[in-house]
Structures are given as C-alpha cells and as structure tokens.
Amino acid sequence: MNHTTILLAGTPNSGKSSLFNLLTKSRQKVANFPGVTVEKRSGTYFNQKTNTKLEVIDLPGTYSLDPISIDEQICLDRLKSPATNHINEIIFAVVDSTNLERTLNLVLQLKAIAKPIVLVLNMEDLVLKHNIKIDIKKISRYLSVPVVTTSAIHKEGIKNLVTFLEKLKDNLPKVEDTNNFLELNTSELRFNFIDKVLSECVKVPTQKDLLTHKIDKFLLHPILGLLLFILAILFMFQAVFSWSSYPMDLIESTIASIGEIVTNLIPDGFLQSLMVDGIITGVGAVLVFLPQILILFFFIYLFEASGYMARAALIMDRFMMMIGLQGRSFVPLLSSFACAIPGIMATRTIRDSKERLATIFMSPFMTCSARLPVYILLIGAFIPNTKVLGLFNLQGIVMFLLFAIGVLGAVIVAFVLRKSTLKGRASSFIMELPSYKLPNIKLLFLHLYQRALLFVKKAGTFILFVSIALWFLSTFPQPPENWDEPAINYSIAGRVGHFIEPVFRPLGFDWRISTGLIPGFAAREVMVSALATVFAVEAADANEVVDEEESTRIALTQKIQNAWTIPTGLALLMWYVFAPQCLATFAVARKETHGWKWPIIMFVSMLIIAYFTAFLTYQLGTLFF
Amino acid sequence: MKPTNQFPLTKLSINQTAKIIGYQTTHSEEFSLNRLKEYGLILGETIKLYQRSLFNGPIVTVVRGGLVSIRQHEAQNILVQVDAK
C-alpha cells in the first residue's frame, strides 16, 4: 500500500504548528521546544473509524525559499528532497488568510517545486471576524491548487481539513501547472501577481486589525513599551518562584512520605539504603523542580503564542546591538533560562553565522532550570531569610544577583567575541510582527504536558541511573571492621572526592562537593541528588548518630549548613553560575556548530571563568566571614 | 537636486504614508535587498511608519497589511516619496 506524507510548510506565525498539534495530538516523535519549530517534527494523523493513517511533518517556518538562515535551509532541503518509492508527498502550504497579500508569496514559490500542493487558508475565524470576503473557488483556479479553510485554534475549525484528509487517498492532488509559476522568480513579479489575484478574489474592509494597533500603542511605545517589557520579564521570574512554592512543598512531602513508607517496608540493609538513600532521595531531589520549569515554559509559550515574543525581540534589538548582536538572539536566550538545549537549537533563526555562534556561546550562561535546585539549596542554607530595607527578601536578592551575574558574564563574553574572533558587521534585522492573538488553552496544556513528560522521563532514566550508580560508588567497597572514619571515606566515591579535593581546595570545596561535582558535569541538577546521597550515606553510616530516624529527618539544607562555611557556599554558587556542567549542552553545541572546536572553546572558557570567580569569591569571603 | 518630497524611510513621521521609489547602498554595510523585497518592500509599494523605538532602535512599518521591523541603517537605504500636496 502507498503511504502518504504531508509536509506542512508556511511562514512563521501562520498557525502551522498549532495545526500540526491538533492533527497529530500526542502521536509526535520529536518534542517541540518553545519559540520556534527548530527541527522538523513528525507525527501521525490517525483516524480509528476510517483507519486513515498519514505521516505529518511540520517544517520550520520560512518567508522564502531563498534560504539565509539554517532553519530555512532545513525547510527547503526537505521540500526539495525527492520522495522515495511508494510514498506520496503532498505539500500543505499553511497561510494566515487575514494577510494573503503577504503570505501568498511563499505559496507561489512552493508552486515552483514539483510536488503536489494544497493551500490551507488558516485563521478562518479571524477572517469571519474581520469581515474579509475570500472567493475560495477563484483563488483555487488562479493558483491551480485545491484549497481548504481551517482555523487552528479550535478542534471544530479543522473539520474541513480532516474531511479533506479522509478523502485524500482516493483523490490525490496532482502536480499542476508548475511552469507558469517558475516564471515568477522575483519578489516583484510574485507580489504583482498576488495583487492581481487578490483584487479579484478578496475583499478586505479598510480597517482590519484595530486591536493590534491599539495594543501596540502601549507595548511598542518607545518608553512605556520598554518599561512594560521589563515588568513582564520581572513578573515572569517572580512567578517562577512564588507560584511554585506550594506544588514544590507538595512534591517534597510526598517524596518524603514515600521514603518513610519504603523505610518501614524494607528491612534495614543494602536494599533499604539503595531505595531510600539512592533512588528516592536522588530522583526526588530533581523532581521537585518540575513546577518551576513548567511555569517558565508556560510564560515562554504565552509570549510566543500571543505574538509578544517578536515585540520583545524588537525592543531588545537596540540593546543587543551594543554587544554586536540583534533582537533575534533574545528569543534563544530567554529559552535558555529554562534550558540551554532548546535555546541553542533556537539560534537557527539567526541568519548571520558569527552572531549565531556568539548567541550559542551565551546560552549556557543563562540561569537554566537545572541550576535552580543547586541555587535554592545553597541559598536556603547560607543566606539568612531576612528583609532588606523592610521590603526585599535577602534570599530573593541573592537569587536575582546570581541570574544577573550570569547575564553579565554572557554579555561580556559576547562583547569580547564580537570584537575578536567573531568580528563582524552589524547585520540586518528584518522581522515581521504578527498581530496579537489569544493563546489556545488546550494547545498550551498539550505543550506543558509534553515538557513535563520529557522532564519526568529524564528523571526516571538518566537521573535514576546516576543516583543508583552514585549510591553504589559511595557505599562500596565496605570498610574493614577496624575502620573508624565514616564508611563513605572508604568507598570509591569518597576516595575519588578526596583525590581531587586539592584541586578545588582553593575554592573552599571539601571532598563532598568534589564528589558531587563529578556527576554534576553530566547534568547540573544531579549535584543536589549526589550531595543528598553522599550526606545520607555518610549520616546513615556515621557511628556518632544515635537515632537513625532522626538523621534522615534532618534536611539536606541543615546538613550542608553544618558542614560548610559561608564563603564555601558563596564560592559554590559562583562556580555554578559559570561552570560548564551539562554534557547535553555541549553535545548540542557540537551538533549545531558541526564540530568539536566551538564546544571545546566554550567548555574551557567556562571552566576558567568558573574557577577564577569561585576562587575570588572564596578568598574574599574568608576576609569577611 | 532631490525633490523635497523624497527622502530616506527613516525621515517619515509616525502614521505618515509614502511610496518606495528606490534603494541606495552607500550607507549600509550589509544590505540584503532581496530579503527586504521578500518582506514586501518592493519598488512602488506603499509603506507607513508605525512605530519608532528608543535610541535609534529599529523602526516598525506597515507594508502590504503586515508589520515589518527594520533596523535604522537599513531603513536609511530605502528611499521613499510622499505625495506632494
């Protein structure tokens, strides 16, 4: 039987990705990242009743088939690659039908590709609302393509498209009339052709999007717009911390009670220790941060879906220009506050390769969600929970400073790079601002669900594995009978920690931190589970602890408070701002820069900056505390 | 001498409408004319200034029913003409 593959192509903001989500629901292969469709995503449309099964591929949004940026190149390559045998490939050109005079430009270019094409007029709801009259039959005739109308913001709106897909197998569109469109090979010719078509097929009332204009009076106002932008970003970070406290407490107490139940169920011994000290403590320490990560992704999605993200990039452009970058770098950097990996992938929209490299370089400096567990733990232990000037919480101020130091470091690094190795001229910044839209709640939750799933999967696989491995390493080999130090010192982890301790001693790090840093290089948040495991195993084995239950109840915060000094805590915080502790980031950087050169330069320079700043913090700290 | 109703796009005042009559490449360091045209800024097209930003940041224009932002140094290279009254 022949397979059919649908290639969704369209400009950014055409609603293409929403359409993809509605058609494929959870049957998707690649997780989507906020900001942009950076990689082509594939999924399956499946209807149980009719047994219709179609592969759907969502390509990155593009304005033209004359590619400048990498995501446009990906799109073009996929569109032009010949279909393999027995596969029917059909291009679905998705356009914002409230703005055909712009969006048909891409459709005309797609027509020149020798593949069957279907025009999807999206945002039908807005067409009706704005009282735009479109003669679909005429458009279909002029462009010689089948036309389907949809509105990707609700399920009802894709009824037409679903009906069309169901009929597709008996009624495959053919490649029609390519030659006439090959002649339209400049923007002028295409736009002139579009004007001619639209003058006969579309009636647009004179004033169509007053709402966007009204909102922009505030949000794009030179001064007010900037203030509102700063407020929005501050509100976002504020929400990440304050909204998450209740769900985090809930997760924490749930994990604690699971630990207690398991402790009671399993008799004392290795199995109990593995379950409680290894798995539950390790995985639990990371799972706690799910709420914060989701809140951050919630805001990024909201900015993107509402149309504000492009405005934020516009507002940031002037400031990014000072360090030799442009507004488009802002979106990847904002995503990097959640995770540098989607951030680095989102740099594909930046057209200038040197600007792109500089942005990739900056991404891991942004305080990602994996650093939060470490920050919160250390701040909780070393920074008093007092008010400053009767208004600001000192812990909050320190958290803000850590974010700011990361951003400052990134700005300095980018500035230096753009003045030296990555020297380049001011590039162009041409961007379309979408009109404002109400985000679709259902798609928002689908998106958050996908993010949560990804995070829990990571906690359930990678972090679970590291936790178990670390428990083994810190438990075995068992010390001999006459061993009078804590048992962990005899274990492999303890020995490795002690072995590398001298390297980190100038930073005030003890062997426990040194032990935790090793798995921490794989992923930052593992440090917390590592410390939790190391301290738990140590406490469980220590002879001086009389009441064993008492020891497990002492929170990690208290344990590290007793074990380390304030300068050590501050130095470790500083280390975490800059240290290159995430393998996945460098793996992605290698993939995106096509080689090891840049990831290695990034890794080494971050390591040097981290060591130096932590050293300085510790040495200065010892003078004061 | 240039007629007084012809000037670079950057000189338009907000909500003022003009027609694109030419491009010059002297000011710019990297002038991607093709890209501008892909976004609809073709010769003869009507263009309106929508918004400016602080410190000579990018300007926002209305072209072919959409909002397009352009950096100052690029906008300087787009010559427009307003209808003489």
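These notes cover the structure that comes with them. (Residues numbered from 1 in each chain as written. Chains lettered and ligands numbered in written order. Predicted model: local features only at pLDDT ≥ 70, side-chain atom pairs only at ≥ 80, totals over all residues. Heavy atoms only, no water.)

1. Structural notes on a nonpolar patch on the surface
All names here are of chain A. In plain terms, the rule: Two joining distances apply to patches: 9 Å for like charges and 5 Å for nonpolar side chains (Val, Leu, Ile, Met, Phe, Trp, Tyr), and every residue must have over 30% relative accessible area and no salt bridge. Here the Shrake-Rupley method, with its probe set to 1.4 Å, supplies the accessible areas, and only the displayed protein chains count as covering residues. We define a salt bridge as a side-chain nitrogen of Lys or Arg found within 4 Å of a carboxyl oxygen belonging to Asp or Glu. In this description a helix means any DSSP run of H or I spanning at least four residues, a strand means any run of E spanning at least two, and both kinds are numbered starting from the N terminus.
On the surface, a cluster of nonpolar side chains totalling about 770 Å² of accessible area is made up of Phe218, Ile223, Leu224, Leu227, Ile230, Leu234, Phe400 and Leu401. Looking at the nonpolar patch, the elements with two or more residues in it are helix 10 (224-242) and helix 19 (394-419). Ranked by the residues each element gives to the nonpolar patch, the list is headed by helix 10, at four residues. Its place among the elements puts phenylalanine 400 in helix 19.

2. Quick look at the packing of helix 21 (residues 492-504) of chain A against helix 22 (residues 511-520) of chain A
Residue and element names in this part refer to chain A. Condition: Between N-to-C directions, angles span 0 to 180 degrees; the directions come from axes that are lines fitted to C-alpha atoms, helices contributing only their stretch in contact. Angles are sorted into four bins: roughly parallel if under 35 degrees, roughly antiparallel if over 145, roughly perpendicular if 65 to 115, and oblique for all others. Note on contacts: a residue pair is in contact if any heavy atoms of the two residues lie within 4.5 Å. Ten residues, namely Ala, Val, Leu, Ile, Met, Phe, Trp, Tyr, Cys and Pro, are considered nonpolar, four, namely Asp, Glu, Lys and Arg, are considered charged, and the remaining ones, Gly among them, are considered polar.
At a minimum axis separation of 7 Å, helix 21 and helix 22 run at an interaxial angle of 105 degrees. Between helix 21 and helix 22, the crossing angle belongs to the class labelled roughly perpendicular. Taken together, the residues of helix 22 that come into contact with helix 21 (itself represented by Ala493, Gly494, Val496, Gly497, His498, Ile500, Glu501 and Phe504) are Trp511, Ser514, Thr515, Leu517 and Ile518. The class makeup of the residues in the contact of helix 21 with helix 22 is seven nonpolar, five polar and one charged.

3. Observations regarding the interface of chain B and chain A
Going by this rule: The buried area of a pairing is the accessible area, by a 1.4 Å probe, that goes missing from both parts when the two are put together, added over both. Pairs of N or O atoms are called polar contacts if they sit within 3.5 Å, as long as, within protein, a hydrogen donor faces a hydrogen acceptor (for residues adjacent in sequence, only side-chain-to-side-chain pairs). By this definition, two strands are paired if DSSP reports at least two bridges between them.
Residue-level contacts link 34 residues of chain B with 46 residues of chain A. Across the chain B/chain A interface, buried area totals approximately 3,500 Å², and carbon plus sulfur atoms make up 51% of it. Contact with chain A buries surface across chain B, with Arg35, Arg64 and Arg71 of chain B losing the most and accounting together for 24% of the total. One can count 16 residue pairs in polar contact (both at pLDDT 80 or more) joining chain B with chain A. Elements represented by at least two residues in the side of chain B that touches chain A include exactly helix 1 (33-38), strand 3 (46-51), strand 4 (59-63), strand 5 (66-70) and helix 2 (72-75) of chain B. Grouping the amino acids of the side of chain B that touches chain A by side-chain chemistry returns 13 nonpolar, 12 polar and nine charged. Of the pairings in the sheet, the one linking strand 11 (residues 431-433) of chain A to strand 5 of chain B comprises three bridges and is antiparallel in character. In the strand pairing of strand 5 of chain B, leucine 433 of chain A is matched with leucine 67 of chain B.

4. Points about the sheet that holds strand 2 (residues 41-47) of chain A
All names here are of chain A. Judged by pairing direction, the sheet is mixed, and its six strands sit side by side in the order 2-3-1-4-5-7 without closing on themselves. Every other strand in the sheet has two partners, leaving strand 2 and strand 7 (147-149) as the edge strands with one partner each. When the angles between neighbouring strand axes are averaged without regard to direction, this sheet yields 25 degrees. Pairing between strand 2 and strand 3 (residues 52-58): seven bridges, direction antiparallel. In the sheet register, serine 42 faces strand 3, and the bridge partner there is isoleucine 57. Of the strands in this sheet, strand 5 (117-122) and strand 7 are in contact with helix 5 (residues 136-143), which crosses strand 7 at around 145 degrees.

5. Thoughts on the packing of aromatic side chains
All names here are of chain A. For clarity, the threshold we go by: For this analysis, a ring pair means two rings from Phe, Tyr or Trp (six-membered ring only for Trp) whose centres lie within 6.5 Å, classed as stacked if their planes differ by under 30 degrees, edge-to-face if by over 60, and tilted for the remaining angles. Exposed residues in this analysis have more than 50% of their type's maximum accessible area, buried residues have under 20%, and partly exposed residues fall in between, with area computed by a 1.4 Å probe over protein chains only. We call a charge positioned over a ring when the NZ of a Lys or the CZ of an Arg lies within 6 Å of the ring centre and within 35 degrees of the ring normal.
Counting across every chain of the model gives 18 aromatic pairs over all chains. Ring centres of phenylalanine 365 and phenylalanine 578 lie 5.9 Å apart, and the angle between their planes is 65 degrees; on these two criteria the pair is classed as edge-to-face. Pair noted here: phenylalanine 365 is in the loop between helix 17 (353-362) and helix 18 (372-382) and phenylalanine 578 is in helix 26 (residues 566-578), with a separation of 213 residues, a long-range link. By relative accessible area, which is 5% here, phenylalanine 578 ends up buried. In this structure an aromatic cluster arises from ring pairing among Phe235, Trp243, Phe298, Phe299, Phe303 and Tyr308. In this structure, lysine 53 is placed above the aromatic ring of phenylalanine 46, and the distance from its NZ or CZ to the ring centre is 5.9 Å. Across from the ring centre of tyrosine 490, 4.6 Å away, lies the NZ or CZ of arginine 495, which sits over that ring.

6. Some thoughts on the pairing of strand 5 of chain A
Residue and element names in this part refer to chain A. Rules: Handedness of a crossover: with both strands directed away from the viewer, a clockwise path from the first strand across the helix to the second marks it as right-handed.
Buried residues dominate strand 5, accounting for six of its six residues. In strand 5, alternate side chains face the same way, and those of Ile117, Leu119 and Leu121 on one face and Val118, Val120 and Asn122 on the other are all buried. Here six bridges tie strand 4 (residues 87-96) to strand 5, and the two strands are oriented parallel to one another. In the strand pairing of strand 5, phenylalanine 92 is matched with valine 118. Each parallel crossover has a hand, and for strand 4 linked through helix 3 (residues 100-111) to strand 5 it is right-handed.

7. A word on the environment of methionine 345 of chain A
Within the fold, methionine 345 of chain A resides in helix 16 (residues 340-346). Residues methionine 345 of chain A and proline 332 of chain A, spaced 13 residues apart in sequence, show a C-alpha to C-alpha distance of 7.8 Å.

8. Points about the side chain of serine 336 of chain A
Within the secondary structure layout, serine 336 of chain A lies in helix 15 (residues 330-336). Other than its neighbours up to four places away in sequence, serine 336 of chain A contacts Gly343, Ser363, Met366, Thr367 and Cys368 of chain A.

9. Let's talk about helix 27 (residues 583-593) of chain A
Residue and element names in this part refer to chain A. Cut-off, in case you're wondering: What the arc describes is the spread of directions from the helix axis to the C-beta atoms.
Among the residues of helix 27, Thr585, Phe586, Val588, Ala589, Glu592 and Thr593 are the ones counted as buried. The buried residues of helix 27 occupy one face: seen down the axis, they fall within an arc of 160 degrees. Buried positions along helix 27 lie against helix 16, helix 17 and helix 28 (597-624). Trailing helix 27 by a residue or two, histidine 594 shows a phi angle of about 55 degrees, which is positive.

10. Looking at unusual backbone geometry
Residues and elements named next belong to chain A. Despite not being glycine, asparagine 51 shows a phi value in the positive range, around 60 degrees. The phi dihedral of histidine 594 is positive, around 55 degrees, even though this residue is not glycine. Its place among the elements puts histidine 594 in the loop between helix 27 and helix 28. Its relative accessible area of 72% is what places histidine 594 among the exposed residues.

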